[in-house]
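Breakdown of the fold
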Amino acid sequence: MKRFHVHIAINNLQDNIQFYSLLFGTEPAVSKSDYAKWMLDDPYINFAISARGSKAGLDHVGIQVDSAEELNEINQRLTQATFPAAEQTNAQCCYATSNKNWTFDPQGIPWETFHSLTTIPTFGQDTSIPVKTESCCAS
């Protein structure tokens, strides 16, 4: 099964946890000093926020899958697209180790597809998205 994912960079974690908890009607499933995540069933979404020094706003969107097979299926679709895609294995980010695929849509918005393998105690090494925006969005 696939779950939609949205990650927003924010300035004030506590204000945003309060806002989104009221909006979603529940507290986050994961809450850390720099990160919070809601795993909602209605709507079916993995909604995350983080105060990690990024410019406030939409960080990326994506699709979380439950298996390596689903990740491979989406990756095959990405490789058929005209936009470049990059694969990451055992990436450590957002308090999880995951296998991922990255690309950008025509507007330059980063898209991540991922299969989480395990949780980790730290946010992980922030790595840049391994796809160049210039190559996907040039006119």
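Preceding this section is the structure that the text describes.
Residues numbered from 1 in each chain as written. Predicted model: local features only at pLDDT ≥ 70, side-chain atom pairs only at ≥ 80, totals over all residues. Heavy atoms only, no water.

As for the pairing of strand β3 (residues 35–41)
Quick note on the threshold: With a 1.4 Å probe rolled over the protein chains alone, any residue whose accessible area is under 20% of its type maximum counts as buried; one over 50% counts as exposed, and the rest are partly exposed. Counting from the N terminus, the helices are the DSSP runs of H or I reaching at least four residues and the strands are the DSSP runs of E reaching at least two. When DSSP finds at least two bridges between two strands, those strands are taken to pair.
Burial of β3 is extensive: 5 of the 7 residues sit out of reach of the surface. With 2 bridges joining them, strand β2 (residues 30–31) and β3 adopt antiparallel strand pairing. Within β3, the residue paired with Ser-31 across the bridge is Ala-36. What sits between β2 and β3 in their antiparallel hairpin is a turn of 3 residues.

Focus: helix α1 (residues 13–24)
Just so we agree on the cut-off: To estimate how far a helix should reach, multiply one less than its number of residues by 1.5 Å. Think of the arc as the fan of directions from the helix axis to the C-beta atoms. Note on definitions: a residue-residue contact is assigned when non-hydrogen atoms from the two residues lie within 4.5 Å. A 3.5 Å cut-off defines polar contacts: any pair of N or O atoms within that distance qualifies, except that in protein one atom must be a possible hydrogen donor and the other a possible acceptor, and neighbouring residues in sequence count only when both atoms are side-chain atoms.
Helix length check: α1, at 12 residues, gives a terminal C-alpha distance of 16 Å against a target of 16 Å (1.5 Å per residue), a fit within 8%. Taken together, the buried positions of α1 are occupied by Leu-13, Asn-16, Ile-17, Tyr-20 and Ser-21. Taken around the axis of α1, the buried residues stretch over an arc of 130°, which confines them to a single face. With respect to the buried face of α1, the exposed residues turned more than 90 degrees away are Gln-14, Gln-18, Leu-22 and Leu-23. Taken together, the buried residues of α1 touch β1 (2–9), β2, β3 and β4 (44–50). With a side-chain oxygen positioned 3.2 Å from the backbone nitrogen of Gln-14, the residue opening α1 is Asn-12. Just downstream of α1, Gly-25 is the residue with a positive phi angle, here 75°.

Regarding the pattern of salt bridges
To keep things clear, this is the line we draw: Salt bridges, as used here, are contacts in which a Lys or Arg side-chain nitrogen is within 4 Å of a carboxyl oxygen on Asp or Glu.
Under the defined criterion, the tally for this structure stands at 5 salt bridges. Note that Lys-2 is salt-bridged to Glu-70, the shortest N-O span being 3.8 Å. Taken as a pair, Lys-2 in strand β1 and Glu-70 in helix α2 (residues 68–80) lie far apart in primary sequence, 68 residues in all. Taking the relative accessible area as the measure of exposure, Glu-70 reaches 13% and is therefore buried.

Structural notes on the pairing of β4
The element β4 is largely enclosed, with a buried count of 6 among its 7 residues. The sheet contact formed by β1 and β4 spans 6 bridges and is parallel. By the bridge assignment for β4, Ala-9 is matched with Ser-50. Across 7 bridges, the pairing between β3 and β4 is antiparallel. Residue Trp-38 lies in a different strand from β4, and its bridge partner there is Phe-47. Counting the residues that bridge the hairpin from β3 to β4 gives 2 residues.

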